[in-house]
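What follows is the residue order along each chain.
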Amino acid sequence: MADRIKAALRTPSCVRNLSIIAHVDHGKTTLSDSLVARAGLLSKSKAGTARSLDIDPEEIARGITINSTAVTLHYELPRDDVAHAVDEEEEDEEEE
């Protein structure tokens, strides 16, 4: 599994960068924890309360997010979830 993840991360078409931006108390930490839990790096029962990306001592002490934190997550979509998606290259070939 680790080799598959490393290979995916070296393939730009398999990498998605995501930024979560929202006003104070609008769920950024809950969403972040949920994504980390979905990737299997945090128990689902702790998602939303773990503050898993708050790593600065001041953030932990004050219970607020101050700095941005980067994290690499691996997630595989089940085939059924992407069956409706069309690859851009396939779409271009159909138009020709």
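Just so it is clear, the structure is predicted and the values come from calculations on it, not from any experiment.

Definitions and limits used
Residues numbered from 1 in each chain as written. Predicted model: local features only at pLDDT ≥ 70, side-chain atom pairs only at ≥ 80, totals over all residues. Heavy atoms only, no water. Helix = DSSP H or I, 4+ residues; strand = E, 2+ residues; numbered from the N terminus. Buried < 20%, exposed > 50% of the residue type's maximum accessible area, 1.4 Å probe, protein only. Lys, Arg positive; Asp, Glu negative; His and termini not counted. Salt bridge = Lys/Arg side-chain N within 4 Å of Asp/Glu carboxyl O. Contact = heavy atoms within 4.5 Å.

Colleague: What exactly am I supposed to notice about the side chain of Glu 59 here?
Modeller: Tracing the backbone through its elements, the reader meets Glu 59 in helix α3 (residues 57-62). Arg 51 provides the closest opposite charge to the buried, salt-bridge-free Glu 59, at an N-O distance of 7.0 Å. Those residues in contact with Glu 59 that sit more than four places away from it in its chain are Leu 53, Asp 54, Ile 64, Thr 65, Ile 66 and Asn 67.

Colleague: What's the story with the pattern of salt bridges in this structure? I'm lost.
Modeller: Where charged atoms from two side chains of opposite charge come close, those side chains can pair. Going through the model one piece at a time under the given rule, you end up with 2 salt bridges. For the salt bridge of Asp 54 with Arg 51, the shortest nitrogen-to-oxygen distance reads 2.7 Å. Assessed through its relative accessible area of 8%, Asp 54 is described here as buried. Overall, Arg 51 belongs to the partly exposed group, its relative accessible area being 26%. Here Glu 58 ties to Arg 62 by a salt bridge, and the two come within 2.8 Å at their closest N and O atoms. Taken together, the residues Glu 58 and Arg 62, both in helix α3 and 4 residues apart, mark about one turn of the helix. Note on Arg 62: relative accessible area 53%, which makes it exposed.

Colleague: Please clarify how the environment of Ile 20 should be interpreted in this entry.
Modeller: Mapped onto the elements of the fold, Ile 20 is located in the loop between α1 (2-9) and α2 (28-38). Separated by 12 residues in the primary sequence, Ile 20 and Ser 32 place their C-alpha atoms 8.0 Å from one another. The residues touching Ile 20, leaving out its near neighbours within four places in the chain, are Lys 28, Leu 31, Ser 32 and Leu 35.

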